[in-house]
Amino acid sequence: MQKTTLIGNLGNDPEVRYTQNEVPVAVFSVATSKHWKDSEGNKQEHTEWHRVVAWRGLAQTCGNFLKEGSRVYIEGENRTRKWEDQDGIIRYTTEIIARELEMLGGGNGAESPSGDYAEPPAPDAEDVPF
């Protein structure tokens with residue numbers, strides 16, 4: 001079983017586009033941070049950025065209710081895509097394909113309904129129009 005769970009804040013407003021078959025897909029980044037004190041007692045922080053992709057109704061919910069700074073809980077799976085760029089160089093990106101989303105409030109997000117949102121399996125990663 002492969003499962004990824006994140007609690008973090010959006011680094012940008014979701015960008016919603018549509019596949020050739022008119023399936024909505026939203027892409028956005030989520031920052032997760034770890035805080036600790038080093039051996040000298042100084043506060044330390046490390047922030048990790050995650051690319052998140054949501055499909056169908058979940059994509060529309062993200063586009064309608066999430067904004068940069070929104071705090072979210074996301075469950076999904078990691079997926080790595082491979083493509084060739086304009087210069088013929090092979091590129092890779094790893095994304096979290098969101099299956100469930102909960103808006104936690106806080107941050108700079110817009111007013112949103114509370115609750116969980118779950119989605120059926122996403123189309124193939126090659127279909128992402130980004």
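Described below are features of the structure shown in this document. (Residues numbered from 1 in each chain as written. Predicted model: local features only at pLDDT ≥ 70, side-chain atom pairs only at ≥ 80, totals over all residues. Heavy atoms only, no water.)

Quick word on the packing of aromatic side chains
Then comes step 1: Here the structure, examined in full by the defined rule, presents 0 aromatic pairs.
Then comes step 2: Over the ring of W36 we find K34; its NZ or CZ atom is 5.6 Å from the centre of that ring. (Phe/Tyr/Trp six-rings, centres within 6.5 Å; stacked < 30°, edge-to-face > 60°. Lys NZ or Arg CZ within 6 Å of the ring centre and 35° of its normal.)

Re the pattern of salt bridges
Then comes step 1: Tallied over the entire structure, the rule returns 7 salt bridges.
Then comes step 2: Measuring nitrogen to oxygen at the nearest pair gives 2.7 Å for the salt bridge that ties R17 to E15.
Then comes step 3: Judged by relative accessible area, which is 36%, R17 ranks as partly exposed.
Then comes step 4: Linking E77 and R79 is a salt bridge whose minimum nitrogen-to-oxygen distance equals 3.5 Å. (Salt bridge = Lys/Arg side-chain N within 4 Å of Asp/Glu carboxyl O. Buried < 20%, exposed > 50% of the residue type's maximum accessible area, 1.4 Å probe, protein only.)

A few points about the nonpolar core
Within soluble globular proteins, side chains that are nonpolar generally end up buried alongside one another.
Then comes step 1: The biggest cluster of nonpolar side chains holds 17 residues, and the ones touching the most others in it are F28, V52, L66, I74 and L101.
Then comes step 2: Of all the elements in the fold, those that place two or more residues in this core are β1 (4–10), β3 (24–37), β4 (43–55), α1 (56–65), β5 (71–84) and β6 (90–103).
Then comes step 3: In terms of residues, this core owes the most to one element, β6, which gives 4 residues.
Then comes step 4: Core analysis: the second largest hydrophobic core is formed by 6 residues, V25, V27, W55 and I97 among them. (Core = buried A, V, L, I, M, F, W, Y, C linked by side-chain atoms within 4.5 Å. Helix = DSSP H or I, 4+ residues; strand = E, 2+ residues; numbered from the N terminus.)

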